[in-house]
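Spelled out, the chains give:
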2 protein chains.
Amino acid sequence: MTIQKRLSALRNEMQRHKIDIYLVPSIDAHNSEYVPECWQRRPWISNFDGSAGEVIVTLDHAYLWTDGRYFLQAEQQLDSKYYTMMKQSGFAPETEQWIQENARGKRLGIDPRLVGIGRAKVLQNIMSLVGGELVVLEDNLVDNAKVELGEEIRLPCAKAFAVHEATTGESLAARLTWLRGELQNNAADYIALNVLDEIAWLYNIRGSDVEYNPFVISYALIGLNQAIWFVDSSKLSAELIAELATAGVTIQPYESFATYVQQLHAKVWLDERSASFWMLQSISLSNEVLLQRSPIVYRKALKNKIEAEGARIAHIKDAVAMISFIYWLELNWQSGVDEISAADKLEEFRNAQANLHGLSFSTISGYASNGAIIHYRATPDSNKVIRNDNLYLLDSGGQYLEGTTDITRTFHLGVPSAQQRHHYTLVLKGHLALSRAVFSHGTCGEHLDVLARAPLWNEYLNYRHGTGHGVGSFLGVHEGPQKISQASSLVPLVSGMIVSNEPGLYIDGEYGIRIENLCLVTEVDDAEAKQSPYGPFYTFEDLTLVPYCKKLIDISMLSSEDKMQINSYYTKIKTKIAPNLKPELQAWLADQLDLF
Amino acid sequence: MTIQKRLSALRNEMQRHKIDIYLVPSIDAHNSEYVPECWQRRPWISNFDGSAGEVIVTLDHAYLWTDGRYFLQAEQQLDSKYYTMMKQSGFAPETEQWIQENARGKRLGIDPRLVGIGRAKVLQNIMSLVGGELVVLEDNLVDNAKVELGEEIRLPCAKAFAVHEATTGESLAARLTWLRGELQNNAADYIALNVLDEIAWLYNIRGSDVEYNPFVISYALIGLNQAIWFVDSSKLSAELIAELATAGVTIQPYESFATYVQQLHAKVWLDERSASFWMLQSISLSNEVLLQRSPIVYRKALKNKIEAEGARIAHIKDAVAMISFIYWLELNWQSGVDEISAADKLEEFRNAQANLHGLSFSTISGYASNGAIIHYRATPDSNKVIRNDNLYLLDSGGQYLEGTTDITRTFHLGVPSAQQRHHYTLVLKGHLALSRAVFSHGTCGEHLDVLARAPLWNEYLNYRHGTGHGVGSFLGVHEGPQKISQASSLVPLVSGMIVSNEPGLYIDGEYGIRIENLCLVTEVDDAEAKQSPYGPFYTFEDLTLVPYCKKLIDISMLSSEDKMQINSYYTKIKTKIAPNLKPELQAWLADQLDLF
């Protein structure tokens with residue numbers, strides 16, 4: 001009934017705007033990985049709440065596109081009377097193809113805030129090709145439908161707060177000066193930003209508007225002599241406003257971005273990979289536009305010394321929380337612990353650490369066959385009790401003031417099978433080989449990915465996800481532009497970048513294995529490397545400092561290099577982590593570290 | 001004096017055509033790797049004969065751009081009174097930049113046969129930006145200058161010959177049928193070809209017009225009902241003409257391509273990566289043009305079973321020649337052998353093999369410090385005597401009717417130093433690691449390159465060239481689209497592709513090491529691989545069957561995997577090669593293969 005009512009309210013809106021087909025994407029106006037509740041329009045109109053999907057509503061039917069991870073869930077959640085599930089291969093823009101085939105002579109409505117610049121152009125071409133029209137609406141029709149049904153749309157209003165040079169390594173003033181240099185180098189007068197982690201990084205501010213991401217919903221516009229932050233001022237304390245003002249940052253209402261930019265009559269820089277079509281439209285009405293990647297993307301990826309040191313501090317705290325949890329789990333699983341309560345307990349241990357702002361993503365806590373679901377999220381329905389007869393995969397992380405963490409460990413609380421140990425050790429060997437890689441300048445993630453996969457490939461196994469993603473500094477846990485996967489990034493890994501190293505193996509219906517550390521790319525600084533005509537050379541520093549699962553390692557499969565590497569890693573864990581643990585935990589850790 | 005006269009004759013031509021600046025590229029109208037003597041215009045006008053370089057002549061000065069490999073040579077060969085050497089970084093189109101800065105209001109002349117489609121557009125944009133004009137000339141002004149100075153321009157006129165299904169695995173008729181299917185799939189009426197290996201592959205013909213490449217200078221035009229070969233008919237026997245006619249291929253004069261295509265009034269497919277601006281101009285006058293990669297490029301890279309078997313046969317013969325040479329060298333260096341006479345002797349051994357058409361490239365025969373020059377070609381001036389106190393690098397290959405070979409081995413005829421053995425074994429370890437790689441579908445050369453470099457990187461060493469190139473079947477020894485290097489190819493390595501595996505290490509002024517085998521990509525066909533949900537998986541089959549240098553291998557550096565791999569490689573050499581050798585060579589080989 002609910003979905004019928006909602007669709008009907010939306011169709012009223014469509015008719016009022018003379019729209020035949022309405023597009024409901026998943027994203028928000030800021031290209032956020034985590035979309036705030038108030039902007040979760042696709043789940044609201046379809047009832048399907050997987051992380052990826054897109055809806056098209058016509059006047060008599062509705063369609064939802066999603067990918068292979070969610071076919072089952074979508075079939076369960078969609079009401080087939082009103083919705084048809086459409087399968088996405090992940091390789092073709094299937095929604096666009098449907099539009100091309102079905103929108104002849106029709107009016108397709110979009111909210112331009114939710115459509116990127118490139119996509120808007122594609123849609124315009126398609127609609128002109130099929131003799132229809134792309135209608136760029138000022139209102140979001142799903143929001144209108146909500147209001148029509150008496151629901152309120154409440155934007156998040158969490159307090160924002162400043163972070164300072166002591167943890168970010170750079171003052172707001174210095175970052176503005178750098179950015180203005182970039183404007184001058186590119187002959188631009190302003191740059192307009194909608195991506196929330198870029199704004200947070202630039203203005204040295206954080207907030208809690210978005211789940212798992214310490215961001216403040218806002219736009220930013222920086223010119224050679226101005227810096228405007230378009231944000232709901234009720235989120236800001238008088239002190240914060242004053243502090244920003246000192247650096248020349250002035251506050252304007254969130255809603256006033258478009259009207260403000262229209263009176264600039266200048267040359268405005270926009271990142272076409274992330275800016276919305278709405279921004280382009282608003283700006284280009286009365287300004288020249290420079291479409292080019294935002295310089296913040298790359299600069300933000302290069303952690304300065306203070307950010308790197310912060311990452312080390314955050315990872316020490318995170319290791320204490322993780323080790324406390326593992327110890328607790330070994331002692332308590334017998335009395336009944338399930339995937340959800342385990343994740344809650346781990347969050348408690350993280351909360352006990354200083355300066356934890358929250359988790360960095362929704363914990364993946366998967367026992368047995370649930371561990372084989374790569375993007376698993378335990379629900380009351382799926383929740384399994386954790387026992388001692390299978391593997392338990394735990395992927396979690398924290399947002400600390402000093403840095404962002406992300407770690408996966410896989411456990412067995414009883415006696416693992418030979419195959420489980422074999423599989424675990426294959427994954428571990430790939431993880432170790434990547435971790436110890438020494439590589440020349442110019443090497444990108446796509447060049448190193450094979451190191452993590454080779455031990456699996458040799459036995460005709462693989463994992464269907466990338467090997468590593470970039471990570472922010474008390475910012476997004478997934479952050480570009482660098483990554484480690486076969487997909488072409490063309491971004492060389494250089495000093496200061498943080499990436500994850502997380503190979504895995506998933507046996508459908510049985511168990512999943514993943515081993516993940518975060519690593520900092522560092523230049524090799526011994527004399528021989530420094531003098532090499534082929535340098536500079538780089539390697540990874542493991543930030544994560546938590547032992548692997550002792551009983552899952554098949555020592556006979558390790559090379560002498562593997563063993564030396566584990567020994568040196570474990571020595572570091574002992575030195576850095578043991579002193580922070582209670583005596584009984586120290587004893588437990590010492591046993592875990594005693595491998596060979 | 002010569003260069004002054006030539007420049008002066010060219011400037012006369014420029015003035016006659018009202019040209020201020022004339023561009024002399026290195027390439028010919030067919031994008032050939034080896035440019036026939038008659039079209040070597042840049043060496044003729046500049047006296048610089050390195051393999052890469054480009055000249056710009058103005059009415060009062062001339063400039064030559066070349067890259068780091070040739071700075072020294074260019075300085076020696078250019079007369080600085082008339083020429084300025086311009087350094088190319090290899091990363092920027094420096095000639096274009098010079099034009100942009102120096103051609104304000106000028107007329108820039110080009111021969112459109114020597115400028116690609118993309119480049120012509122760039123030049124047009126630049127010239128319009130600087131208020132000048134790009135003048136597309138019918139004549140080549142260097143050729144005109146030659147004629148003015150009484151020189152004759154004689155195009156190669158070697159005999160062409162047919163190759164048949166027995167060695168190419170596919171008849172000319174079958175290839176035409178396939179290509180016509182591609183035309184239909186792409187809604188094109190014709191495809192026009194200028195790249196000589198594509199024409200040779202398609203028409204099952206070979207020739208000797210081009211050094212090292214068994215090609216016939218020609219154009220081809222294939223339509224749904226026609227196939228025209230634009231070629232000097234004096235190269236063709238009556239039998240060949242009859243054979244081609246049976247398959248529906250008709251002959252037209254080489255010079256008539258442009259006039260012929262102008263009367264088609266059809267849709268013509270052109271590969272914009274290789275076609276010349278002249279082709280585009282000629283065709284687009286009266287036809288619609290489809291700019292898209294030629295389908296032959298990819299299809300040609302996938303060797304069929306007969307081509308793969310042919311490659312194996314060619315490599316057995318090549319191994320016999322190489323082993324005969326190495327044995328001869330060990331017995332004869334004492335009586336005085338130099339780089340050039342060694343290369344000649346090796347050619348003799350290759351010539352003794354059945355069906356050798358010629359060499360596949362200019363042999364690189366470099367002793368001691370000459371071995372460290374990556375693209376070294378011995379000249380009477382540089383020619384070193386090969387002795388027993390340093391390394392000797394030998395990179396060579398043959399064009400056999402059954403296939404193309406390319407092998408590098410590095411030798412020491414005396415007692416190598418510990419460092420030489422260490423360096424050789426590092427290179428060998430990379431070569432072995434790449435050779436034994438098992439990889440999943442979708443893996444490209446850029447993903448595997450690291451395997452060959454890792455042992456060197458671990459000691460802060462590297463080599464400044466790619467790890468592998470594609471190889472043709474009695475066609476070009478360098479053939480795309482696949483390759484193995486950090487440069488992004490985006491071409492997955494799949495069954496039937498041949499690539500080289502040739503890591504190296506070059507110690508400037510001392511010695512060079514390179515170890516090169518050709519390998520065939522093959523699908524792993526054991527039951528476990530076939531049943532894997534992650535398959536298909538691929539690996540490399542070593543086609544080259546010549547032992548590594550026994551005395552240069554430091555066995556203590558080899559892993560057990562390395563040793564097993566060498567053992568199995570050596571078993572294959574013993575089985576396949578030994579029976580083809582004379583008794584004394586068999587004994588020598590047996591000793592070489594006895595390593596562990």
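As the structure is a computational prediction, the values presented were derived from the model and not from experiment. (Residues numbered from 1 in each chain as written. Chains lettered and ligands numbered in written order. Predicted model: local features only at pLDDT ≥ 70, side-chain atom pairs only at ≥ 80, totals over all residues. Heavy atoms only, no water.)

### Some thoughts on the overall build of chain A
Here is step 1: From N to C terminus, chain A includes 20 helices and 28 strands.
Here is step 2: Against the globule reference of 25 Å for 596 residues, chain A gives a C-alpha radius of gyration of 25 Å, in line with a compact fold.
Here is step 3: Over its C-alpha atoms, taken along the principal directions, chain A stretches across nearly 70 × 55 × 45 Å.
Here is step 4: Out of the 596 residues belonging to chain A, those deemed buried represent 59%.
Here is step 5: Partitioning the contacts of chain A with sequence separation of at least 6, the portion at a separation of at least 24 is 70%.
Here is step 6: Total accessible area on chain A is roughly 23200 Å²; 50% of this is exposed by carbon and sulfur atoms. (Helix = DSSP H or I, 4+ residues; strand = E, 2+ residues; numbered from the N terminus. Rg over C-alpha atoms; globule rule 2.2 N^0.38 Å. Buried < 20%, exposed > 50% of the residue type's maximum accessible area, 1.4 Å probe, protein only. Contact = heavy atoms within 4.5 Å. Areas by Shrake-Rupley, 256 points an atom, 1.4 Å probe, with all protein chains shown as cover.)

### Section: the side chain of K429 of chain B
Residues and elements named next belong to chain B.
Here is step 1: Mapped onto the elements, K429 comes out in helix α16 (residues 418-435).
Here is step 2: Looking at K429, its side chain comes within polar contact range of the main-chain oxygen of M557, at 2.8 Å.
Here is step 3: Each residue touching K429, except ones within four places of it in the same chain, is listed here: P455, M557, L558, S559 and D562. (Polar contact = N/O pair within 3.5 Å; in protein donor to acceptor, adjacent residues only side chain to side chain.)

### Overview of helix α20 (residues 583-593) of chain A
Think of an α-helix as 3.6 residues a turn; residues three or four steps apart then line up on the same face.
All names here are of chain A.
Here is step 1: Those residues of α20 that fall on the buried side of the exposure criterion are L585, W588, L589, Q592 and L593. Projected down its long axis, α20 carries its buried residues within an arc of 135 degrees, all on one side. Facing away from the buried side of α20 by more than 90 degrees, the exposed set consists of P583 and A587.
Here is step 2: Taken together, the buried residues of α20 touch α14 (305-332) and α19 (560-577). (Arc of directions from axis to C-beta.)

### What about the confidence of the model for chain A?
Here is step 1: When the pLDDT values of chain A are averaged, the result is 96; 99% of them are 70 or greater.
Here is step 2: As scored by the predictor, the complex reaches a pTM of 0.93 and an ipTM of 0.91. (pLDDT = per-residue confidence, 0-100.)

### Here's the deal with the pairing of strand β28 (residues 537-542) of chain A
Residues and elements named next belong to chain A.
Here is step 1: The element β28 is largely enclosed, with a buried count of 6 among its 6 residues.
Here is step 2: Covered by surrounding structure in β28 are F537, T539 and E541 together with Y538, F540 and D542, the residues of both alternating faces.
Here is step 3: Bridging between strand β21 (residues 438-440) and β28 involves 3 bridges; their strand directions are antiparallel. Looking across to β28, one finds that F439 is bridged to Y538.
Here is step 4: Two elements, strand β27 (residues 517-523) and β28, share 5 bridges in a ladder whose sense is antiparallel. In the strand pairing of β28, T522 is matched with T539. (Pairing = 2+ DSSP bridges.)

### Side note on the sheet that holds strand β24 (residues 498-501) of chain B
Residue and element names in this part refer to chain B.
Here is step 1: With respect to topology, 4 strands assemble into an open sheet ordered β21-β28-β27-β24, the strand pairing being antiparallel. Looking at strand neighbours, the two that pair on one side only are β21 (438-440) and β24, the edges of this open sheet. Between one strand axis and the next, the sheet turns by 40 degrees as a mean value, whatever way the strands run. (Axes fitted to C-alpha atoms, helices over the stretch in contact; angles between N-to-C directions.)

### Some points on the interface of chain B and chain A
Here is step 1: Taken together, the contacts link 30 residues of chain B with 30 residues of chain A.
Here is step 2: The junction of chain B with chain A conceals about 2600 Å² of combined surface from both sides, 56% of it contributed by carbon and sulfur atoms.
Here is step 3: Contact with chain A buries area across many residues of chain B, yet H447, Y460 and Y534 of chain B alone supply 31% of it, more than any other trio.
Here is step 4: Seen at the junction of chain B and chain A, the total is 0 salt bridges.
Here is step 5: The tally of links between chain B and chain A comes to 15 residue pairs in polar contact (both at pLDDT 80 or more).
Here is step 6: For the side of chain B that touches chain A, the secondary structure elements donating two or more residues are β21, α17 (445-457), β25 (504-507) and α18 (527-531) of chain B. (Buried area = accessible area lost by both parts, 1.4 Å probe. Salt bridge = Lys/Arg side-chain N within 4 Å of Asp/Glu carboxyl O.)

### Section: the pattern of salt bridges
Here is step 1: This model, assessed by the stated rule, comprises 62 salt bridges over all chains.
Here is step 2: We note a salt bridge from E502 of chain A to R514 of chain A, for which the minimum N-O separation is 3.7 Å. With E502 of chain A in the loop between β24 (498-501) and β25 (504-507) and R514 of chain A in strand β26 (residues 511-514), this residue pair connects regions lying 12 residues apart in the sequence.
Here is step 3: Accessibility expressed as a relative area gives 9% for E502 of chain A, which makes it buried.
Here is step 4: Its relative accessible area of 3% is what places R514 of chain A among the buried residues.
Here is step 5: When the shortest N-O distance is used, the salt bridge between K235 of chain B and D209 of chain B registers 2.6 Å. With a gap of 26 residues between them, K235 of chain B in the loop between β11 (227-230) and α10 (238-246) and D209 of chain B in the loop between β9 (205-206) and β10 (219-223) connect regions that are remote in the sequence.
Here is step 6: Through salt bridges with shared partners, one network takes in E170, R175, R299 and E307 of chain A.

### Thoughts on the relation of the copies chain B and chain A
Here is step 1: By a simple turn and slide, chain B fits onto chain A: the slide is 0.0 Å along the axis, the RMSD is 0.0 Å, and the turn is 180 degrees. Viewed as a symmetry operation, the transformation between the two copies matches a two-fold axis. Within chain B, H447 of chain B has its C-alpha nearest the rotation axis, a separation of 2.4 Å.
Here is step 2: Of all interface residues in chain B, 100% are interface residues in chain A too; the two copies therefore contact each other through one and the same surface. (Least-squares fit on C-alpha atoms with pLDDT ≥ 70 in both.)

### Some points on the packing of aromatic side chains
Here is step 1: Tallied over the full model, the rule gives 46 aromatic pairs over all chains.
Here is step 2: On the numbers, 5.4 Å between centres and 20 degrees between planes, the contact of Y219 of chain A with Y254 of chain A is stacked. Taken together, the residues span a long stretch of sequence, with Y219 of chain A in strand β10 (residues 219-223) and Y254 of chain A in the loop between β12 (249-252) and α11 (257-262) at a distance of 35 residues.
Here is step 3: For Y219 of chain A, a relative accessible area of 2% corresponds to the buried category.
Here is step 4: Through a chain of ring-to-ring contacts, three or more aromatic side chains come together here, namely Y219, F230, Y254, F257, Y260 and W278 of chain A.
Here is step 5: The ring of Y463 of chain B has R453 of chain B lying over it, and the distance from NZ or CZ to the ring centre is 4.0 Å. (Phe/Tyr/Trp six-rings, centres within 6.5 Å; stacked < 30°, edge-to-face > 60°. Lys NZ or Arg CZ within 6 Å of the ring centre and 35° of its normal.)

### Examining the environment of Y83 of chain B
Residues and elements named next belong to chain B.
Here is step 1: Assignment of secondary structure puts Y83 in strand β4 (residues 83-88).
Here is step 2: Between the C-alpha atom of Y83 and that of V55, which follows or precedes it by 28 residues, the distance is 9.3 Å.
Here is step 3: Excluding its chain neighbours within four sequence positions, the residues that come into contact with Y83 are I3, L7, I45, S46, V55, V57, H61, A62, Y63, L64 and L78.
Here is step 4: Of the polar contacts made by the side chain of Y83, one reaches the backbone oxygen of I45; its length is 2.8 Å.

### Remarks on unusual backbone geometry
Here is step 1: The linkage connecting G535 of chain A with the following residue, P536 of chain A, adopts the cis geometry, with an omega of 0 degrees.
Here is step 2: Relative to the helices and strands, P536 of chain A resides in the loop between α18 (527-531) and β28.
Here is step 3: Despite not being glycine, A187 of chain B has its phi angle at roughly 50 degrees, a positive value.
Here is step 4: Its location among the elements puts A187 of chain B in the loop between α8 (172-185) and β8 (190-193).
Here is step 5: At Y212 of chain B, a residue that is not glycine, the phi angle is positive and equals roughly 70 degrees.
Here is step 6: With respect to the secondary-structure elements, Y212 of chain B resides in the loop between β9 and β10.

### Overview of the state of the cysteines
Here is step 1: Inspection of every chain in the model, using the stated rule, returns 0 disulfides over all chains.
Here is step 2: In this structure C157 of chain A is not part of a disulfide, and its nearest cysteine sulfur, from C38 of chain A, lies 10 Å away.
Here is step 3: Sulfur of C444 of chain B: no disulfide; nearest cysteine sulfur belongs to C444 of chain A and is 14 Å away.
Here is step 4: You can call C444 of chain B buried: its relative accessible area is 6%. (Disulfide = S-S within 2.5 Å.)

### Details of the side chain of D395 of chain A
Residues and elements named next belong to chain A.
Here is step 1: Take D395: it is sitting in strand β17 (residues 391-396).
Here is step 2: By relative accessible area, which is 5% here, D395 ends up buried.
Here is step 3: Among the polar contacts made by the side chain of D395, one reaches the side chain of T408 at a distance of 3.0 Å.
Here is step 4: Within the local environment of D395, its side chain forms a polar contact with the side chain of R514, the two groups lying 2.7 Å apart.

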